[in-house]
Amino acid sequence: MRNRLRVVSFVLVVLLVSLLPVYGKVYIDIDSPTIQKFPIAVADFNNLGQTPDGENLSTWFADRLGNALQLTGFFNVIQRKTFFEDQGKSGITAETIKFSDWTVIGAESLVKGGFQLNGSDLTVEFRLFDVVQGRLLTGKRYTGRPGDREEMVLRFAGEVLLQLTGEKGVFDTKVAFVGKEGNLSEIYTVNFDGSGLKRLTNFRSLTLLPRWSPDGREMTFTSYRDGNPDVYLLDLTGGKVRKLLDFSGLNLASCWSPQGRKILLTLSKGGNHEIYTMDLNHGTATRVTSNYAINVSPVWSPDGKKIAYVSDRGGSPQIYIMDADGSNQRRLTYQGNYNTSPAWAPKGGRIAFEGMVNGTFQIFVIDEDGGNLRQLTSSGRNESPSWSPDARYLVYTSRLSGRHRLCVMNANGSNVRILHEGMGEYMNASWSPHLNLY
Amino acid sequence: MRRSVVLIGLSILILAFGFVMFSGCAKKVVKEAEEEKTTTVQKEAAPAAPAAPAETEEQRLAREKALREAALKEQQEKERMLAEQKAKEALAAAIAEIQDIHFDFDKYDLKPEARDMLKKLADIMLAEKTATVLIEGHCDERGTVEYNLALGEKRALSAMKYLVSLGVEKERIKTISYGKERPLDPRHNEEAWAKNRRAHFVVTVK
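Residues numbered from 1 in each chain as written. Chains lettered and ligands numbered in written order. Predicted model: local features only at pLDDT ≥ 70, side-chain atom pairs only at ≥ 80, totals over all residues. Heavy atoms only, no water.

Within chain B one finds 5 helices and 4 strands. If you list the helices and strands of chain B from N to C, you get α-α-β-α-β-α-β-α-β. The 206 residues of chain B split such that 33% are buried. For chain B, the exposed area adds up to about 13,400 Å²; of that, 62% sits on carbon and sulfur atoms. (Helix = DSSP H or I, 4+ residues; strand = E, 2+ residues; numbered from the N terminus. Buried < 20%, exposed > 50% of the residue type's maximum accessible area, 1.4 Å probe, protein only. Areas by Shrake-Rupley, 256 points an atom, 1.4 Å probe, with all protein chains shown as cover.)

A separate point is the packing of aromatic side chains. Applying the stated criterion across every chain yields a total of 24 aromatic pairs over all chains. Note on A:Tyr224 and B:Tyr178: the rings are 5.2 Å apart at their centroids and 25° apart in plane angle, and the pair reads as stacked. Of this pair, A:Tyr224 sits in the loop between β12 (218-223) and β13 (230-235) while B:Tyr178 sits in strand β3 (residues 173-179), which puts the two residues in different chains. Just as A:Tyr224 is buried, B:Tyr178 falls in that class too. Here A:Tyr393 and A:Trp431 contribute two aromatic rings whose centre-to-centre distance is 6.0 Å and whose plane-to-plane angle is 25°, an arrangement assigned as stacked. With A:Tyr393 in strand β28 (residues 393-400) and A:Trp431 in strand β31 (residues 425-431), this residue pair connects regions lying 38 residues apart in the sequence. By the ring-pair criterion, three or more aromatic residues cluster together here, those being A:Phe45, A:Trp60, A:Phe61, A:Phe115, A:Phe126, A:Tyr142 and A:Phe156. (Phe/Tyr/Trp six-rings, centres within 6.5 Å; stacked < 30°, edge-to-face > 60°.)

Residues and elements named next belong to chain A. Where burial is concerned, most of strand β20 (residues 306-311) is hidden: 5 out of the 6 residues are buried. Counting the residues in the hairpin turn of strand β19 (residues 295-300) and β20 gives 5 residues, including Gly304, whose phi is positive at 75°. As paired elements, β20 and strand β21 (residues 318-323) share 6 bridges and run antiparallel to each other. Across the sheet, the residue bridging to Lys306 is Asp323, located in β21. Turn length for the β20-β21 hairpin, with the two strands adjacent in sequence and antiparallel, is 6 residues, and the turn residue Gly315 shows positive phi of about 105°. (Pairing = 2+ DSSP bridges.)

Next up on the list: the nonpolar core. Formed by 51 residues in total, the largest nonpolar core has its most connected members in A:Leu208, A:Tyr224, A:Ile294, A:Ile351, B:Tyr147 and B:Leu149. When neighbours within four sequence positions are excluded, A:Leu208 is seen to be in contact with A:Val178, A:Ser185, A:Ile187, A:Phe221, A:Thr222, A:Tyr224, A:Met427, A:Asn428, B:Val145, B:Leu149 and B:Glu181. (Core = buried A, V, L, I, M, F, W, Y, C linked by side-chain atoms within 4.5 Å. Contact = heavy atoms within 4.5 Å.)

An α-helical segment advances 3.6 residues per turn. Residues three or four places apart therefore align on the same side. Between its terminal C-alpha atoms helix α2 (residues 57-96) of chain B stretches 58 Å, which fits the 58 Å expected from 40 residues at 1.5 Å a residue. Taken together, the buried positions of α2(B) are B:Gln59, B:Ala62, B:Leu91 and B:Ile95. (Expected span 1.5 Å × (residues − 1).)

Turning our attention to the confidence of the model for chain B. Across chain B, pLDDT averages 83, with 74% of residues at or above 70. Every residue in residues 15-46 of chain B is under pLDDT 50, and counting partners more than four places away or in other chains gives 6 contacts. (pLDDT = per-residue confidence, 0-100.)

Counting from both sides, the interface comprises 41 residues of chain A and, opposite them, 27 residues of chain B. A buried area of about 2,700 Å², summed over both sides, lies between chain A and chain B, and 55% of it is on carbon and sulfur atoms. Counting the surface chain A buries against chain B, the share from its top three residues, A:Tyr292, A:Ile294 and A:Tyr338, is 19%. Linking chain A to chain B there are 4 salt bridges. Linking A:Arg381 and B:Glu141 is a salt bridge whose minimum nitrogen-to-oxygen distance equals 3.6 Å. On inspection of chain A and its partner chain B, the count reaches 10 residue pairs in polar contact (both at pLDDT 80 or more). For the side of chain A that touches chain B, the secondary structure elements donating two or more residues are β11 (207-212), β15 (251-257), β19, β23 (339-344), β24 (350-357), β27 (381-387) and β31 of chain A. Across the side of chain A that touches chain B, the residue classes break down as 17 nonpolar, 16 polar and 8 charged. (Buried area = accessible area lost by both parts, 1.4 Å probe. Salt bridge = Lys/Arg side-chain N within 4 Å of Asp/Glu carboxyl O. Polar contact = N/O pair within 3.5 Å; in protein donor to acceptor, adjacent residues only side chain to side chain. Nonpolar A, V, L, I, M, F, W, Y, C, P; charged D, E, K, R; others polar.)

Glancing now at helix α2 (residues 57-71) of chain A. Residues and elements named next belong to chain A. Between the first and last C-alpha of α2 there are 21 Å, a value that for 15 residues agrees with the 21 Å anticipated at 1.5 Å per step. All of the buried residues along α2 are Leu57, Ser58, Phe61, Ala62, Arg64, Leu65, Gly66, Ala68 and Leu69. Packing partners of the buried residues in α2 comprise β2 (38-42), β4 (75-77), β5 (109-118), β6 (121-130) and α4 (149-165). Directly beyond the C-terminal end of α2, a positive phi value near 85° is found at Gly73.

As a further point, take the sheet that holds strand β10 (residues 198-199) of chain A. Residue and element names in this part refer to chain A. Taken together, the 4 strands give an open sheet; going across it, the order is β10-β9-β8-β31, and neighbouring strands pair in antiparallel fashion. Sheet topology places β10 and β31 at the edges, where each strand pairs with a single neighbour. Bridge analysis of strand β8 (residues 174-181) against β31 gives 5 bridges, and the strand direction is antiparallel. Bridged to Val178 within β31 is Met427.

A few words now on the packing of α2(A) against α4(A). All names here are of chain A. Put simply, α2 and α4 touch, their axes get as near as 9 Å, and they point 45° apart. Put simply, α2 runs oblique to α4. Note that α2 runs across α4; the crossing there is right-handed. Residues Leu57, Trp60, Phe61, Arg64, Leu65, Ala68 and Leu69 of α2 pack against Arg149, Glu150, Val153, Leu154, Phe156, Ala157, Val160 and Leu161 of α4. (Axes fitted to C-alpha atoms, helices over the stretch in contact; angles between N-to-C directions. Parallel < 35°, antiparallel > 145°, perpendicular 65-115°, else oblique. Left-handed = near helix turned anticlockwise from the far one by under 90°.)

Residue and element names in this part refer to chain A. Relative to the elements of secondary structure, Leu400 occurs in strand β28. Under the relative-accessibility criterion, Leu400 is labelled partly exposed at 32%. Taking the C-alpha atoms as reference points, Leu400 and Asn382, 18 residues apart in sequence, are found 8.6 Å from one another.

Here the focus is the side chain of A:Thr289. All names here are of chain A. Within the secondary structure, Thr289 sits in the loop between β18 (285-287) and β19. Side-chain polar atoms of Thr289 contact the side chain of Glu274, separated by 2.7 Å. Sequence-distant contacts of Thr289, that is, excluding residues within four places in its chain, are made with Glu274, Ile275, Asn295, Tyr309, Met322 and Gln329.

Applying the stated criterion to the full structure yields 41 salt bridges over all chains. Between A:Glu125 and A:Arg127 there is a salt bridge whose closest N-O contact spans 2.7 Å. Neither residue differs from the other here; A:Glu125 and A:Arg127 are each classed as buried. The residue B:Arg60 makes a salt bridge to B:Glu64 at a minimum N-O spacing of 2.8 Å. With a gap of 4 residues between them, B:Arg60 and B:Glu64 both fall in helix α2, about one helical turn apart.

On to the sheet that holds β24(A), then. All names here are of chain A. Taken together, the 4 strands give an open sheet; going across it, the order is β23-β24-β25-β26, and neighbouring strands pair in antiparallel fashion. At either margin of the open sheet sits one strand with a lone partner, and together these are β23 and β26 (374-375). Relative to strand β25 (residues 360-367), β24 is paired through 8 bridges, and the arrangement is antiparallel. Bridge pairing links Arg350 to Asp367 in β25.

Next comes the structure, spelled out in structure tokens:
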């Protein structure tokens, strides 16, 4: 797919003229706890060729790009009916745009574009303008087949995000989760926008805990397929599954090392539930914890130097942090008497988890030094948080008024959207790394 | 009137047939015993009188004795099977009395009622040496998948340890945890949760 699409970037020409740095200005500081949504206009695309626009691509491109940007939660995509100019006909270069027509409706950025159908080839140009300064920020030309147009839109959406926020966003990511019907569960994935549901297992058993490798090519999970909860490794490029661990008792793989083919495990082979690390290339498991209490759900810090995990040694499940070799164990959470499911933010600093409030569960974040505790959800029951690779979003499972859903929110708890619904129950949400799909 | 005569006739026929069949079977056993006896006698008598094996008093007594022994054996076998059947039924009834044991929220220590139930199970297993048990640990739906898998296993292990302390061999006990994934009652309330926090026993007898 990636090879078929030809991309031409023409921002460099502008750079030579303006001598302005490309990412010099951060338009949207998405790490700020209270962000103002950034007003952006996406105009209908121009048909630049001779072939008539039979499929109404002109509005399709504007709609699809607008939706993708809206999903990020950082934009206010201005409604097209408020636009002054004659869409689809006026020019798409800085010289031909009347920027005052856009500032007057409150836009700070503008996307214009054009497409050209040539037999079975589709060429599309996308341009992002700073309306206030009246200049081009970035432009891309993609050439492919008409069926590639979704990919073209998502690639350019990533470019828009890169220009305005300094990072390319999560358009090339998926979310894995467990979908349960009755006593049976399987592992599924959906795209970042909830499209493209795919079932990865068909064991007709209890299958749990999908966890992505850092390169997105492999996945571990636990399944009762052969009676005992064993750990399996799925090759996502070829689809092959092999059993990795089948010690007696529990075999749970909770986290891949950010540095490569090492995983964190919970095993109960010795009678106690202890945390182990295992090098997948050598296949040896090394025990990290050693006590009678339940020790479970371990995750590495992004630098691999620390491990957050859940232990009930204090009488109730709480989140603890230790050094990667098991030393220096300390309790992180003190508020509430049931805190589990730690997820370390990919850029470090914060840990998301679920905690019990008034008999139900809500999502929290806390700094890794124990400060700055914040409750992010408050209605229904919300569990199993997992960070997007850019640490700007959390995916989680939700049950509200008897309806089970997979939801996404911004890292500050705002902009909640439903990623998927309709299954009996959702569990173990797990956001993929960047998959470089586009 | 004629029909009843025919019916009576038929019944007599069936009875007679049944009798013949039954006696035939009974004779078979006796015959085998007789033959055995005869062979031995023949062997002993061989050098003196090789021909004409007329039944001596001794042989007759032996034959009758064999007959009595066979009948006794048959009776004993019947009684043994009956006793076995009764024991089986008693065992099945005892096993049927083994109920799930229940736990408090986020706890895996055994309550007094749970200990009583486990004592009953231990009695069964100590009496019936071929019995093995699978202990399933379960939890209510609150909390994470992983923590509940561990908690469910702790519950199953608590039950196992108590059985072992009562003299049941560890090798005859298996444990598995289903965490919160196999609730007995799928509702989301206190009543359902209390039912779902349990250890379940699957007893198998060879």
